[in-house]
Each structure stands twice: as structure tokens, then as C-alpha cells.
Amino acid sequence: METIKIKYLSDKIEKLRYIDGKSDWIDLRAAERVELKAGEFKLIPLGIAMQLPKGYEAHIVPRSSTFKNYGIIQTNHCGIVDESYCGDNDQWFMPAYALRDTVIEVNDRICQFRIFEHQPALHFAEAETLGNEDRGGHGSTGKQ
């Protein structure tokens, strides 16, 4: 089990833990009250800084209920934090765009993260053929 150093930049948010003990994703919470009007953008502070292990990165995405509950979308759709963003004041944020007027309270769960190992170094070899049968379309159905 890896040990990860975390610095809480707010004493108003709950400490990190796995989502209801059922998932390996971990909820992140708003560290301040945020009011947004439809069409506004804001970096919502998440109240933490973290020292990820060398060779790892965190992927931050909205919770499945974030849009329904708050009417916001994450503008980069998936935020990536690598191990170099590890200073005492390197706070994590959720870049949010409001599609309706909304209020997010301190400690509201608005996004989640999971830690992944960096992708290994890859080499791309150009080929005349891939040697596989064509599926004939888009997506899993093979139909256009």
C-alpha cells in the first residue's frame, strides 16, 4: 500500500476517504462557498495539496451527480495532476462552468479522483496494414 502525503488547506472539509467503501475513486469537496450565474466560470478550490508518488498522476473528474445537483460541468472534462505539482500551496481545483445559476456549499462533494501510473514510453511503428478484419463503421456496432 502506497502512503501519500496530503496537506489540508481548509479545516472545513471532510478528510479524504474512499467513496462509501465501495470504490477506488475518492471524493473531493468544495473548500469554499461558490455562487455561479449561468455562463460563469470559476476555479473551485478543493482544499488539498498532495505529494503523489514518483511515476503517478491523479485524474480528476466530476461525480456522476455533479451536473444534476449543481448545473456545472468541468471545463477540461478530466483534470490531470502529476507528481511535480506537490508544493505546500499547490492546491487542487475544479475548473467549473455553470449552465444554470447555482450555489455550491463548503464540503459539497463535486468531483472525484483516482491515481494512475504514468503511461509507459511507446514507439509507433508505421505499417501498410494492421492485419485485422475491418469492423466497418463507428463505435461498437460497426454501423454508421
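Keep in mind that this is a model prediction, so the values were computed, not measured. (Residues numbered from 1 in each chain as written. Predicted model: local features only at pLDDT ≥ 70, side-chain atom pairs only at ≥ 80, totals over all residues. Heavy atoms only, no water.)

Caption draft 1: Summary view of the overall build of the protein chain. Scanning the protein chain from N- to C-terminus turns up 1 helix and 11 strands. Against the compact-globule benchmark of 15 Å for 144 residues, the protein chain has a radius of gyration of 19 Å, which places it well outside the compact range. Projected onto its principal axes, the C-alpha coordinates of the protein chain cover approximately 60 × 40 × 30 Å. The burial tally for the protein chain puts 34% of its 144 residues in the buried class. Here the contacts in the protein chain between residues at least 6 apart in sequence split such that 73% fall between residues at least 24 apart. Total accessible area computed for the protein chain in this model is approximately 9,800 Å², and 49% of it derives from carbon and sulfur atoms. Computing the positive centroid from 18 side-chain charges and the negative centroid from 22, the protein chain places the two 8 Å apart. (Helix = DSSP H or I, 4+ residues; strand = E, 2+ residues; numbered from the N terminus. Rg over C-alpha atoms; globule rule 2.2 N^0.38 Å. Buried < 20%, exposed > 50% of the residue type's maximum accessible area, 1.4 Å probe, protein only. Contact = heavy atoms within 4.5 Å. Areas by Shrake-Rupley, 256 points an atom, 1.4 Å probe, with all protein chains shown as cover. Lys, Arg positive; Asp, Glu negative; His and termini not counted. Charge placed at Lys NZ, Arg CZ, Asp CG, Glu CD.)

Caption draft 2: Expanded view of a nonpolar patch on the surface. A grouping of Phe41, Leu43, Phe67, Ile73, Tyr85, Phe93, Tyr97 and Leu99 is seen on the molecular surface, where their side chains present a nonpolar patch of about 720 Å² in accessible area. As for its placement among the helices and strands, Tyr85 is situated in the loop between strand E8 (79–82) and strand E9 (93–98). A residue is classified by how much of its surface remains accessible, and Tyr85, at 32% relative accessible area, is partly exposed. (Patch = residues over 30% accessible without salt bridge, like charges linked within 9 Å, V, L, I, M, F, W, Y side chains within 5 Å. Salt bridge = Lys/Arg side-chain N within 4 Å of Asp/Glu carboxyl O.)

Caption draft 3: Fine view of the pattern of salt bridges. For the coordinates displayed, the defined rule picks out 7 salt bridges. Here Arg109 makes a salt bridge to Asp27, at a shortest N to O gap of 2.9 Å. With Arg109 in strand E11 (residues 109–117) and Asp27 in strand E2 (residues 26–29), this pair connects stretches of sequence that are 82 residues apart. Of the charged contacts in the structure, one is a salt bridge between Glu105 and Arg33, with a shortest N-O distance of 3.1 Å.

Caption draft 4: Focus on the sheet that holds strand E7 (residues 72–74). The strand order across the open sheet formed by 3 strands is E4-E9-E7, and the pairing between neighbours is antiparallel. Each edge of the sheet is formed by a strand with only one pairing partner; in this case those strands are strand E4 (41–45) and E7. On average, each strand axis in the sheet is inclined to that of its neighbour by 40°, with strand direction left out of account. Two elements, E4 and E9, share 5 bridges in a ladder whose sense is antiparallel. Directly across from Ile44, in E9, lies its bridge partner Met94. (Pairing = 2+ DSSP bridges. Axes fitted to C-alpha atoms, helices over the stretch in contact; angles between N-to-C directions.)

Caption draft 5: Highlighting the sheet that holds E2. Strands sit in the order E2-E11-E6-E8 across an open sheet of 4 strands; the sheet is antiparallel. The sheet is open, and its two edges are formed by E2 and E8, each paired on a single side. In this sheet, adjacent strand axes meet at a mean angle of 35° when their direction is disregarded. When E2 meets E11, the two strands line up antiparallel, connected through 4 bridges. Note on E11: the bridge partner recorded for Ile26 is Phe113.

Caption draft 6: Structural view of the layout of surface pockets. Roughly 500 Å³ of internal volume is contained in the largest pocket. In terms of residue count, the dominant contributor to the lining of the largest pocket is E11 (3 residues). (1 Å grid on protein atoms, 1.4 Å probe; cavity = no way out; pocket = protein on both sides within 12 Å on 5 of 7 lines; lining within 4 Å. Points joined across faces, edges and corners; volume = space filled by probe spheres on them.)

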